[in-house]
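# Notes for the structure review
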Amino acid sequence: MPEQSEQQQYLEHTENWVKQVIMKYNLCPFARREVERASIRYVVVEEHKPKMVLQALLAECRLLDEQPEVETTLVILPRGFEGFYAFLDLVDLANDLLFEQGFEGEYQLATFHPDYCFDGEPQDDAANYTNRAPYPTLHLIREASMEKVLADYDDPESIPERNIRFARRKGSDFFARLLAQCTQPPSRD
């Protein structure tokens, strides 16, 4: 069997994370529908310069504009943003760009990183795992779709608090194992 390309591995690892962590443990109650509809686009951007990543992000916004059947895009950044603070700098630039290019109100970013740490929280707090992913990832979300699903969801403000309680109850070791499993080859049982 031929070796998978690195890019294919990044895609597979991220899709595993969406299915085996986000969907399985209901961290995003809206993920299951999109996984089942196959409406999530996974894109690897190998660029490591912020300007090039931002150009790729804009291209994804335009693609979403042109392809309404694609609900959301996960932009996976396997190189250049391994440091969490460099990633946060990129996120600030990306949010500014969405505003400058007229995409504010159309798309919003959710962000994930292997070393994600909420402001003011200790690095080892299990709650950080609610935003940890195998690779730095920018998640483009259609705001209109989000507004629609939130309108039909009882108490959407409770989602983050519920996730934090769940993560802390399960613990960091549990989530570290889950993340590691997402990047392992499937077992041949």
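Here's what I pulled together on the structure shown here. Nothing here was measured: the structure is a model prediction, and the numbers come from that model.

### Some thoughts on helix H7 (residues 172-182)
- Looking at H7, one finds that the buried residues are Phe174, Phe175, Leu178, Leu179 and Cys182. For H7, the arc enclosing every buried residue in end-on projection is 130°, short of the 170-degree limit, so these residues lie on one face.
- In this structure, the buried side of H7 is in contact with helix H1 (6-23) and helix H6 (158-170).

### Quick look at the sheet that holds strand E2 (residues 72-76)
- An order of E1-E2-E4-E3 is seen for the four strands of this open sheet, with the pairing classed as mixed. Since the sheet does not close on itself, it has two edges, and those belong to strand E1 (40-44) and strand E3 (107-112), each with one partner. Along the sheet, successive strands turn relative to each other by an average axial angle of 20°, direction set aside.
- Bridge count for E2 against strand E4 (residues 137-142) is five bridges, and the pairing is antiparallel. The partner of Ile76 across the bridge, within E4, is Thr137.
- Sheet strands touched by helix H4 (residues 84-100): E3 and E4. Its angle to E3, the strand with the most contacts, is close to 175°.
- In this fold helix H5 (residues 143-151) packs onto E3 and E4, with an angle of close to 70° to the strand it touches most, E4.

### Some points on the packing of aromatic side chains
- Applying the stated criterion across every chain, the model contains 11 aromatic pairs.
- With a centroid separation of 5.0 Å and an interplanar angle of 75°, the aromatic rings of Tyr10 and Tyr135 are classed as edge-to-face. Here Tyr135 lies in the loop between E3 and E4 and Tyr10 lies in helix H1, a separation of 125 residues in the sequence.
- On the basis of relative accessible area, Tyr10 is assigned to the buried category, the value being 9%.
- Among the aromatic side chains, those forming a connected cluster through ring pairs are Tyr25, Tyr129, Phe166, Phe174 and Phe175.
- Taking the ring centre of Tyr129 as reference, the NZ or CZ of Arg132 above it sits at 4.5 Å.
- Residue placement shows Lys170 over the ring face of Phe174; its charged tip is 4.7 Å from the ring centre.

Conventions we followed
Residues numbered from 1 in each chain as written. Predicted model: local features only at pLDDT ≥ 70, side-chain atom pairs only at ≥ 80, totals over all residues. Heavy atoms only, no water. Buried < 20%, exposed > 50% of the residue type's maximum accessible area, 1.4 Å probe, protein only. Helix = DSSP H or I, 4+ residues; strand = E, 2+ residues; numbered from the N terminus. Arc of directions from axis to C-beta. Contact = heavy atoms within 4.5 Å. Pairing = 2+ DSSP bridges. Axes fitted to C-alpha atoms, helices over the stretch in contact; angles between N-to-C directions. Phe/Tyr/Trp six-rings, centres within 6.5 Å; stacked < 30°, edge-to-face > 60°. Lys NZ or Arg CZ within 6 Å of the ring centre and 35° of its normal.

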